[in-house]
Amino acid sequence: MKIFLPIICLFAFHACKVTKNLPDYIMYKDGKYISKIDAMELIYIPAGNFKMGSNSGNPDEKPQHQVHLNAYFIDKFEVSNLQFEKFVKATKYKPRGPWRRGYKDSSMQNNPVVFVTWHDAINYSKWAKRDLPTEAQWEYAARGKSNYKYPWGDEWNEKNLPLEKLVPHNTFKESKSPFGAHLLAGNVWEWVSDWYDRHYYQGIVGKKIIDPKGPVDGAPPEKRFIETNTAAGNERSTLKVIKGGSSFGALAKENARSSKRMWGNPKYWFHDTGFRCGFSLNASL
Ligand SMILES: [Ca+2]
């Protein structure tokens, strides 16, 4: 056993350390990847396969299907109020969502930013020279190689999440995913880059799926979710996917499942929805 241990360690170290051609705005120090732009810590996720969706979940999660992802990075934490404030000040960006409602004083600076639209999230990610993760990247980051139901495993444990309150984005280690990301489940729902089509998984059955980016837009007109009771009236709408559940409401257990798919109009904001960023290694290196 002693003979093999150094070999295993060497392999593990090599798998984690990716510095060749790393963008100059990403720093590798003391085993961590840190953005020089917003100080976010990033997690490197090697290429891998996983089963996306759930055969026991909601209709839009079926069928579960095999997905291959090339290597990518994802933020270790949700984007905080302080980070979003830095973006706003640096760019004089005018957020479409009333994000200050979630940032009333300095005690909330490390809470995840909320009341932001999908457009606010994508504009932040561009400033930070990253992207929003795809739904597949987000889900694999949460499920890991064992394809867990929740980021920490297959069993629900309400002690792993804050309930009925927001907490600083870098807390609750109990919530960590197999790759080490905090609070993918809970705290706030998270915008991802994909359009939402509840029929999408049924349409890709049997295909070889590599780095899926979701449908090219929302569902086709005859299948589009008909929004009622919105500010814009009864309209056909295209929607963006939201993942992970929030810490609010009686459905925390249901919504914290990594395969759960929520949706939101990209023009709207919510009190319990924020985001984190990521980027594909192939696209950036
Ligand atoms: Ca979250």
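What counts and how
Residues numbered from 1 in each chain as written. Predicted model: local features only at pLDDT ≥ 70, side-chain atom pairs only at ≥ 80, totals over all residues. Helix = DSSP H or I, 4+ residues; strand = E, 2+ residues; numbered from the N terminus. Contact = placed C-beta atoms within 7 Å. Pairing = 2+ DSSP bridges. Axes fitted to C-alpha atoms, helices over the stretch in contact; angles between N-to-C directions. Core = buried A, V, L, I, M, F, W, Y, C linked by C-beta atoms within 7 Å. Buried ≥ 20, exposed ≤ 12 C-beta atoms within 10 Å, placed from the backbone. pLDDT = per-residue confidence, 0-100.

Asks: Whenever I open this one, the overall build of the protein confuses me. Can you help?
Replies: Regarding its fold elements, the protein presents seven helices and 13 strands. Sequence-distant contacts in the protein: of pairs separated by 6 or more residues, those separated by 24 or more amount to 69%.

Asks: How should I be thinking about the sheet that holds strand S13 (residues 278–280) in this particular structure?
Replies: Backbone hydrogen bonds hold the strands of a sheet together, and the pairing may be parallel or antiparallel. Spatially, S1-S2-S3-S6-S13 is the arrangement adopted by the five strands of the open sheet, whose pairing is antiparallel. The open sheet has two free edges, formed respectively by strand S1 (26–29) and S13, since each of these has just one partner strand. Strand-to-strand twist across the sheet, computed as the mean angle between neighbouring axes with direction ignored, equals 30°.

Asks: Would you mind going over the nonpolar core with me for this structure?
Replies: Most often, soluble globular proteins have nonpolar side chains that are buried together. Residues Ile74 and Ala141 are the most contacted members of the largest nonpolar core, which totals 55 residues. The dominant element in this core, judged by the number of residues it contributes, is helix H4 (residues 135–143), at five residues.

Asks: Got a minute to help me understand the sheet that holds strand S10 (residues 239–243) in this structure?
Replies: Read from one edge to the other, the open sheet built from four strands follows the order S11-S10-S7-S12, with strand pairing classed as mixed. Lying at the two open borders of the sheet, with one neighbouring strand each, are strand S11 (262–264) and strand S12 (273–275). Strand after strand, the sheet turns through a mean of 55° between neighbouring axes, direction not considered. Pairing between strand S7 (residues 189–196) and S12: three bridges, direction parallel.

Asks: Help me understand the confidence of the model for the protein in this model?
Replies: Detail in the predicted coordinates should be disregarded across regions flagged by low pLDDT. Averaged over every residue, the pLDDT of the protein is 88; the share at 70 or more is 85%. For the stretch residues 227–236, pLDDT sits under 50, and the model shows eight contacts to residues farther than four places along the chain or on other chains.

Asks: I keep staring at H4 and nothing clicks. Help me out?
Replies: Within an α-helix, residues lying three or four positions from one another point in the same direction, as the helix has 3.6 residues per turn. H4 sits mainly inside the fold: nine of its nine residues count as buried. Restricting attention to buried positions, one finds in H4 the residues Glu135, Ala136, Gln137, Trp138, Glu139, Tyr140, Ala141, Ala142 and Arg143. Immediately downstream of H4, the backbone of glycine 144 shows phi near 70°, a positive value.

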